[in-house]
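Structural overview for review
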Amino acid sequence: MNHIKHILVPFDFTESAINALDYALTFVGFENDIKITAVYASTCPISSLEEVSSEAKFVSLVASLNKKTKNVPKLKMVTGEITNVILSEQNFLEADLILMGTMGDSSADTHLTNTSKVVLEADCPVLSIPLETTIDTPKHIALVLGNEEIEHKSVLNFLLDIARSFNAKVHVLTIYKESIYKEKVVVESNEDSLEYYLEHFYASHDFEKNQDVEQGIMDYVADKEIDLLAIIPRNHAEKTKPSEGRLTKLLTLHATVPVLTLD
C-alpha cells in the first residue's frame, strides 16, 4: 500500500480496541512494510510500573492474535484527553491512517462518541471498526457520494490504494430523495474523476431512492454484501458550505461494517 506507511490505533485494552488491533493486523498483512502504533491515552499520570505492566500485557495480546506482520506493533502510552492525544500523536508520528474501534450505538442519534470526534476533527483518513465486524480484508467497497462535486479528488488515490491492495471492487452509491434524473445530472461531473482515479476497480455507480439517506445506505450495504463503507466528509468543505457532519456521525455510530472517512 503506497499511501499507508504508518497506522495509529487508539488502544485501551477494551474489547472494541482489541478488535480494531486485530483488524489492523489483518489489514496490514505480512508483506507490507507498514508500522502499527497502538496509542494508549490516560487522563491520569502513568507510572513506570504501569508502563512495564501494560507493555507486557500488550506483547502477550499481540501474540495471542496470531497475525504475522513485517513490523511488530508498538504500544505508546501518553497522558491527556483521548481525542487531543490521538490527533496530536497522529501529527507527531506522521501516521497516514487512524484505525479506531467503536462499540457503536444503535439507539443514539447524533451525540458524539470518541470515535466520531476523531473522525470529524482528523486531517487524515480514519477507519472506524465496529465491534461486530468480521475480521477480513475488504472485497466490496461502497463509496457514498452526494450531489456535490468531489472537491479534493486526490482522496480517491487513497481509496484506490486500498482497492488495489485487496483487489476490491468499488461501488459508488448516491441516495436520492426526489428525482433520479436531477441527481444523475449533478453527479455527472464526478464520473471522469471516478473512472480516472479508481481505474478498473470502479465497478458501478448506483442510484437508490430513499427519504432516509442513512437507511438507504444501510440497505445497500446489506443487499450488495459491502464489507467497507467509504465517505468523504463535507465538514471540511472549502468550495461549498461545510456541513456539520451529521451523516458521518450517524454512520460511525450505526454502521455494522468498517467506515473509512477520506480526508
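Please read these numbers as outputs of a predicted model, since none were measured by experiment.

**Digging into the overall build of the protein chain**
Each helix and strand counted, the protein chain has eight helices and 10 strands in total. Residues classed as buried in the protein chain amount to 51% of the 263 residues present. Counted over contacts in the protein chain with a minimum sequence separation of 6, partners at least 24 positions apart contribute 84%. Carbon and sulfur atoms form 48% of the exposed surface of the protein chain, whose accessible area is close to 12800 Å².

**What to know about the packing of helix α3 (residues 82–93) against helix α4 (residues 114–121)**
Closest axis-to-axis distance for the α3/α4 pair is 10 Å, and the angle between their directions is 40°. Classified by the angle between their axes, α3 and α4 sit oblique to one another. Relative to α4, the crossing made by α3 is right-handed. Between α3 and α4, the residues in contact are Ile82, Thr83, Ile86 and Leu87 and Asn114, Lys117, Val118 and Glu121, respectively. Considering only residue class, the contact of α3 with α4 consists of four nonpolar, two polar and two charged.

**Some details on helix α2 (residues 48–65)**
With 18 residues, α2 ought to run about 26 Å at 1.5 Å a step, and its terminal C-alpha atoms sit 26 Å apart, in line with that. Positive phi appears at Asn66, one or two residues downstream of α2, with a value of about 55°.

**Examining the packing of α4 against helix α8 (residues 246–254)**
Relative placement of two packed helices is described by the angle separating their axes and the distance separating the axes. Two elements in contact, α4 and α8, have axes whose closest approach is 9 Å; the angle formed by their N-to-C orientations is 140°. Put simply, α4 runs oblique to α8. Every pair of crossing elements has a handedness; the one defined by α4 and α8 is right-handed. Mapping the contact onto sequence places Thr115, Ser116, Val119 and Leu120 in α4 and Thr248, Lys249 and Thr252 in α8.

**Focus on the side chain of Thr133**
Examined against the element boundaries, Thr133 turns out to sit in the loop between β5 (126–130) and β6 (140–144). Assessed through its relative accessible area of 8%, Thr133 is described here as buried. For Thr133, the contacting residues outside a window of four places in its chain are Asn19, Tyr23, Thr256, Val257 and Pro258.

**A closer look at the pattern of salt bridges**
Using the criterion set out here, one finds three salt bridges in the structure. The salt bridge involving Asp22 is made with Lys67; its shortest N-O contact spans 2.5 Å. Of this pair, Asp22 sits in helix α1 (residues 15–28) while Lys67 sits in the loop between α2 and β3 (74–79); the two residues are 45 residues apart in sequence, bridging distant segments of the chain.

**Overview of the sheet that holds strand β9 (residues 228–231)**
With mixed pairing, 10 strands are arranged side by side in an open sheet as β3-β2-β1-β4-β5-β10-β9-β6-β7-β8. The sheet terminates laterally at β3 and β8 (202–209), the two strands that pair on one side only. Between one strand and the next, the sheet's axes are offset by a mean angle of 25°, whatever the strand orientation. Pairing of strand β1 (residues 6–10) with strand β2 (residues 35–42) involves five bridges; the strand directions are parallel. Of the residues in β2, the one forming a bridge with Ile7 is Ile36. In the packing of helix α7 (residues 213–223) onto the sheet, the strands contacted are β6, β7 (169–176), β8 and β9, and the crossing angle to β7 comes to about 150°.

What counts and how
Residues numbered from 1 in each chain as written. Predicted model: local features only at pLDDT ≥ 70, side-chain atom pairs only at ≥ 80, totals over all residues. Heavy atoms only, no water. Helix = DSSP H or I, 4+ residues; strand = E, 2+ residues; numbered from the N terminus. Buried < 20%, exposed > 50% of the residue type's maximum accessible area, 1.4 Å probe, protein only. Contact = heavy atoms within 4.5 Å. Areas by Shrake-Rupley, 256 points an atom, 1.4 Å probe, with all protein chains shown as cover. Axes fitted to C-alpha atoms, helices over the stretch in contact; angles between N-to-C directions. Parallel < 35°, antiparallel > 145°, perpendicular 65-115°, else oblique. Left-handed = near helix turned anticlockwise from the far one by under 90°. Nonpolar A, V, L, I, M, F, W, Y, C, P; charged D, E, K, R; others polar. Expected span 1.5 Å × (residues − 1). Salt bridge = Lys/Arg side-chain N within 4 Å of Asp/Glu carboxyl O. Pairing = 2+ DSSP bridges.

That is the geometry; function is a separate question.
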